[in-house]
Amino acid sequence: SGRGGKWYVVCKQLVVERNFECNLGGLVSSHPHAGLPPDAFSGSHRGWGIRSQDGWEQDEDIRIGTHPFEAPSASLWITSPGLKATGRFDLLEGQSANGFPLWRRAGQGAAMWLFSGNKGRWCISDHTAAEQYKFRCNHGFVLSEAAHVGRLPEQVPWIEGGSSPSAPSAPVSVTTTLPAVPEVMYLISPNGQQRKAGTYQLVDTLCHGYPVWKSSDGKRLLYTGNDGRWYFGGVSEVIVSDFNCASGVLCSDPHGGVLPHEIGGWQLWSEEGWLLDEEISVWLSAPKAQKQLYLVCRNGSERLAGIYALLQGQSANTLPLWKREGAGEDLYLYGGNDGKWHVGDQEVARKGFDCDLGCLCSCLHGAAMPNMLPSGAWERCRAHGRGVPDASVAFLARLPEYPVEISILSPAGQQKVAGRYLLQNCWANGQPIWKRMGHGEELWMYSGTSGYWHVAGVKAAQKSFCCTLGNLATAEAHGGLLPFQAGQWQLRTAEGWRADAEVKVLRGPLSFPPVLYLVTEHSDAIYELVTEFLNGQPLWRCSETGKESWLYSTMDGFWCLSKKDYPTLGSGCSLGTLASSQPHGGSMPHLCEAWQVRTSSGWETSGASVLQTNPPESPSVLHVEAVGGGWESLVGKYWRLTGDLIHHRHFWRQASSKEGPILFSTPDGWMLQTSNPLDDLELPQLHVTSLQPAQMLGTYQPIPGKRGCWKLQPQ
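Every chain begins its residue count from 1, and numbering advances along the sequence as written. At least 70 in pLDDT is required for a residue's local features to be given in this predicted model, at least 80 for side-chain atom pairs to be given and counted, and no such filter applies to totals for whole chains, interfaces and linings, which use all residues. The side-chain quantities take in all heavy atoms of the structure and omit both hydrogens and water.

**Student:** Hey, could you go over the overall build of the protein for me, with residue numbers and the actual values?
**Tutor:** Counting secondary structure elements, the protein contains 5 helices and 56 strands. Relative to its length of 715 residues, the protein is extended, with a C-alpha radius of gyration of 48 Å against a globular reference of 27 Å. With respect to the principal axes defined by its C-alpha atoms, the protein has extents near 160 × 80 × 35 Å. Buried means the residue's accessible area, taken with a 1.4 Å probe over protein chains only, is under 20% of the maximum for its type, while exposed means over 50%, and partly exposed covers the values in between. Counting only residues that meet the buried cut, the protein has 44% of its 715 residues in that class. When contacts within the protein are restricted to residue pairs at least 6 apart in sequence, long-range pairs at least 24 apart make up 44% of them. Using a 1.4 Å probe, the Shrake-Rupley method yields the accessible areas, and only the shown protein chains count as cover for residues. Surface exposure of the protein reaches about 35100 Å², of which carbon and sulfur atoms provide 50%. In the protein, 58 side chains carry a positive charge and 67 a negative one; their mean positions are 3 Å apart. Each helix is a run of DSSP H or I of at least 4 residues and each strand a run of E of at least 2, with the numbering of both proceeding from the N terminus. Values of the radius of gyration come from C-alpha atoms, whereas the globule rule sets the reference at 2.2 Å times the count of residues to the power 0.38. Whether two residues are in contact is decided by their heavy atoms, any of which lying within 4.5 Å being enough. We score Asp and Glu as negative and Lys and Arg as positive, and we do not count His or the chain ends. Think of each charge as sitting on NZ of Lys, CZ of Arg, CG of Asp or CD of Glu.

**Student:** Residue-level account of the sheet that holds strand 13 (residues 184–188), with values.
**Tutor:** DSSP-based pairing: two strands are paired if at least 2 bridges between them are found. Ordered in space as 20-19-18-17-16-15-14-13-21, the 9 strands form an open sheet in which the pairing is antiparallel. Each edge of the sheet is formed by a strand with only one pairing partner; in this case those strands are strand 20 (273–276) and strand 21 (281–283). For this sheet, the mean inter-axis angle between neighbouring strands, taken without regard to orientation, is 30°. Judged from the 2 bridges that link them, strand 18 (residues 250–254) and strand 19 (residues 267–270) form a sheet pairing that is antiparallel. Looking at strand 19, one finds that Leu 250 is bridged to Leu 268. A fitted line through C-alpha atoms represents every axis, and for helices the fit uses only the stretch in contact; the resulting angles, taken between N-to-C directions, go from 0 to 180 degrees.

**Student:** Which residues make up the side chain of Ser 362, and what are the values?
**Tutor:** As for its placement among the helices and strands, Ser 362 is situated in strand 27 (residues 360–364). When neighbours within four sequence positions are excluded, Ser 362 is seen to be in contact with Lys 340, Trp 341, Leu 373, Ala 377 and Trp 378.

**Student:** Tell me about the nonpolar core, and name the residues and values.
**Tutor:** In terms of nonpolar packing, the biggest core is built from 43 residues, with Tyr 308, Trp 322, Leu 333 and Trp 378 touching the most fellow members. Residues Ile 307, Tyr 402, Val 417 and Trp 453 belong to the second largest nonpolar core, which totals 19 residues. Buried Ala, Val, Leu, Ile, Met, Phe, Trp, Tyr and Cys residues that are joined via side-chain atoms within 4.5 Å together make up what is termed a nonpolar core.

**Student:** Outline the sheet that holds strand 5 (residues 75–79), supporting the account with residue identities and numerical values.
**Tutor:** Spatially, the 8 strands line up as an open sheet ordered 11-10-9-8-7-6-5-12, and their pairing is antiparallel. Two strands lie at the open edges of the sheet, namely strand 11 (158–160) and strand 12 (173–175), each paired on one side alone. Averaged over neighbouring strand pairs, the angle between their axes works out to 25° when direction is ignored. Note: strand 5 against strand 6 (residues 87–97), 4 bridges, orientation antiparallel. Considered in strand 6, the bridge of Leu 76 is made with Phe 89.

**Student:** Tell me about the environment of Gln 414, and name the residues and values.
**Tutor:** Relative to the assigned elements, Gln 414 resides in the loop between strand 31 (405–409) and strand 32 (419–428). In sequence terms Gln 414 and Glu 154 are 260 residues apart; their C-alpha atoms lie 85 Å from each other.

**Student:** Go over the environment of Trp 550 with me, naming the residues and quoting the values.
**Tutor:** On the secondary structure map, Trp 550 appears in strand 43 (residues 550–553). Along the primary structure Trp 550 and Leu 539 are separated by 11 residues, whereas in three dimensions their C-alpha atoms are 7.1 Å apart.

**Student:** Give a detailed account of the environment of Trp 122, specifying residues and quantitative values.
**Tutor:** In this structure, Trp 122 sits in strand 9 (residues 122–125). Along the sequence, Trp 122 and Val 142 sit 20 residues apart, while their C-alpha atoms lie 8.4 Å from each other.

**Student:** Explain the packing of aromatic side chains to me, using residue names and the numbers behind them.
**Tutor:** When the centres of two rings from Phe, Tyr and Trp lie within 6.5 Å, Trp using its six-membered ring, the rings pair. Their planes under 30 degrees apart give stacked, over 60 give edge-to-face, and anything left gives tilted. Per the stated rule, a full pass over the model turns up 25 aromatic pairs. Between Tyr 210 and Trp 230, the aromatic rings sit 5.7 Å apart at their centres with planes inclined by 70°, giving edge-to-face as the arrangement. Taken together, the residues span a long stretch of sequence, with Tyr 210 in strand 15 (residues 210–215) and Trp 230 in strand 17 (residues 229–234) at a distance of 20 residues. For the residue pair Tyr 210 and Trp 230, the accessibility class agrees, reading buried in each case.

**Student:** Tell me about the pairing of strand 33 (residues 431–436), residues and numbers included.
**Tutor:** Here strand 33 lies mainly inside the structure; 5 of its 6 residues are buried. The loop that links strand 32 with its antiparallel partner strand 33 comprises 2 residues; one of these, Asn 429, has a positive phi angle of about 55°.

**Student:** Talk me through the pairing of strand 42 (residues 537–542); I want residue IDs and the actual numbers.
**Tutor:** The buried fraction of strand 42 amounts to 5 of the 6 residues, a majority that puts the element mostly inside the structure. Pairing geometry for strand 41 (residues 524–534) and strand 42, over 5 bridges, is antiparallel. Of the residues in strand 42, the one forming a bridge with Leu 534 is Gln 537. Linking two consecutive strands that pair antiparallel, namely strand 41 and strand 42, is a turn of 2 residues; a positive phi of about 55° is found at Asn 535 within it. Strand direction decides the pairing type here: strand 42 and strand 43, joined by 2 bridges, are antiparallel. Following the sheet pairing, Trp 540 is matched in strand 43 by Leu 551.

**Student:** Lay out the pattern of salt bridges in plain terms, naming residues and giving numbers.
**Tutor:** Any Lys or Arg side-chain nitrogen located within 4 Å of an Asp or Glu carboxyl oxygen qualifies as a salt bridge. With the rule as written, the count across this model stands at 16 salt bridges. Between Asp 90 and Arg 88 there is a salt bridge, and its shortest N-O distance comes to 2.9 Å. Residue classification places Asp 90 among the partly exposed residues on the basis of a relative accessible area of 22%. Within the structure, one salt-bridge network assembled from shared partners comprises Asp 524, Glu 544, Lys 547 and Arg 649.

**Student:** Report on the state of the cysteines, specifying residues and quantitative values.
**Tutor:** Here, two cysteine sulfur atoms that lie within 2.5 Å of each other are counted as a disulfide. Counted by the stated rule, this structure contains 0 disulfides. Considering cysteine sulfurs only, Cys 361 is the nearest to Cys 363, which forms no disulfide, with 9.0 Å between them. Of all cysteine sulfurs in the structure, the one in Cys 361 sits closest to Cys 381, which takes part in no disulfide; the separation is 3.5 Å.

So yeah, pure geometry; function would need other evidence.
Rendered as structure tokens:
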């Protein structure tokens with residue numbers, strides 16, 4: 001209260017020196033208070049005035065109250081791209097600056113303060129504000145855009161220090177909501193400083209207002225340096241400087257409050273200085289280990305190729321562990337104690353994988369999974385000295401598309417292995433297995449221990465395919481290529497292996513003719529495809545009554561037509577059997593050029609027999625006569641109908657009527673039938689002739705009980 005009886009608000013020490021015997025101040029009540037308290041003055045009639053360059057001005061917005069300001073938040077989270085005055089700030093209970101709450105940046109490292117300056121603006125500044133100016137200042141790295149007039153920091157807009165409200169400024173965010181801090185950070189650095197990569201666990205420490213993570217071995221920290229960047233640095237160097245440093249071998253751009261897994265632009269330290277490396281990344285967890293990886297390789301390491309399956313719940317040197325699928329040689333893909341990926345055999349398993357042995361090894365992986373390494377990252381290991389770089393080696397996360405069926409053609413040798421092979425639910429030496437379909441001799445397509453594809457029988461299966469047995473094999477180790485991609489093949493002969501360019505392995509099944517016609521000098525027969533297979537090849541069965549026989553492939557690869565029962569077809573050929581003159585090697589029966597018949601004196605060539613996919617040639621016109629004459633509704637010319645078949649054969653219709661009788665084939669023989677039943681008790685015999693010989697010619701007798709139907713009588 002001044003000498004004139006008005007209330008004054010002043011911040012000058014001079015009034016204290018004068019023992020308040022003065023009328024000085026920046027704010028003054030508009031009238032003498034006459035004993036009323038300061039909070040009784042407000043509004044336009046009895047309010048407050050403020051001193052300006054032009055004198056005193058009435059300000060209706062000035063209030064003096066008895067209620068405190070809104071309670072300040074215990075913690076504030078401040079972010080701003082590229083600025084270092086960010087992070088978590090904690091309220092200092094019981095302390096204030098210029099009459100307002102005071103916050104200090106949390107944790108260790110360089111101190112930073114958020115306070116209300118002596119001109120009513122919120123400020124964020126370093127130790128100089130507290131130690132040198134005792135907060136009697138109005139400068140900082142970040143400022144509120146204007147005087148806050150009692151509003152809390154999260155309630156006002158902010159600008160970068162040194163800029164005007166109208167000038168461009170980095171966006172500043174002040175919030176009371178603290179971010180969720182991940183428990184784990186996982187560093188991937190495949191191109192350098194790889195030993196710093198791996199898992200970092202959150203610790204109960206803050207540095208420069210940000211969380212800190214420590215590596216699994218306790219030797220490294222992920223922290224914010226005093227320049228506002230994320231660093232991966234050694235524990236000893238950081239602790240010695242009391243976290244007030246910017247030390248490390250990997251760092252980010254100034255993050256401005258962005259957590260490590262959300263920021264890019266990582267750099268690594270090298271002899272040339274800091275280098276930008278776009279392949280450095282920080283994840284919230286270790287990259288997901290693929291359940292299966294596919295190794296492709298050439299240049300002498302082909303036997304290692306195949307599928308490697310993740311061993312759930314097992315690890316090697318804190319990293320995932322894979323084992324090659326299926327029977328055969330045991331191989332492992334593991335992380336060695338040298339920071340590299342290795343492919344090794346049972347010896348590394350006996351050592352508990354605490355080694356760096358193997359046939360293949362990668363560069364320092366930097367915690368990247370095998371399928372994430374760049375091209376050229378692998379080398380073939382030698383017993384002594386450095387390995388040999390091998391750009392052909394790669395682990396793929398995407399497995400090949402294995403066809404459910406493959407087909408083998410081998411016309412020039414080992415014809416018996418030809419046929420249709422079905423994918424099995426088992427593996428050998430890291431590769432899938434296909435088994436020949438149907439009854440008969442069992443054969444398998446598998447990858448041997450030397451990395452070649454083989455076709456072999458029961459002996460290989462008895463060895464669990466941990467062998468190189470077989471009569472058919474790829475000419476070169478496949479290195480991960482599938483059988484139909486493997487190129488040239490070779491056959492085993494009495495003299496050894498020889499290349500055979502005519503061997504083909506095809507993806508998927510071959511196309512089999514649904515119907516085959518056996519045409520001989522005096523007759524023909526129809527064979528229909530059935531669903532069963534024998535010796536890897538399809539089966540056809542004669543569809544005509546009284547002619548029970550089968551067309552099948554023998555164990556030694558010949559097409560054979562036999563009257564044996566189906567279950568006994570594999571027991572050999574009998575008298576009267578018709579067979580192809582040469583092993584078919586996968587070619588269909590109608591493509592065989594010569595046939596032979598087995599007689600009591602041996603096999604004899606049968607030049608009059610042929611198998612074909614089209615119906616046998618037949619007359620265009622037939623002539624039908626009734627024995628005894630008459631019957632004009634039945635007799636006369638019959639025309640062959642083009643394009644239509646009944647029971648896989650042509651049929652004929654009476655030329656004089658669209659609805660007239662037809663002559664057609666059935667499984668029981670040739671028939672002639674009218675469209676309407678005939679009422680006459682005595683139906684005549686019919687005689688069918690033609691200008692050329694054919695199977696349907698001859699005498700047709702009426703069928704008892706079927707009015708208007710005749711059947712060809714046997715010759």
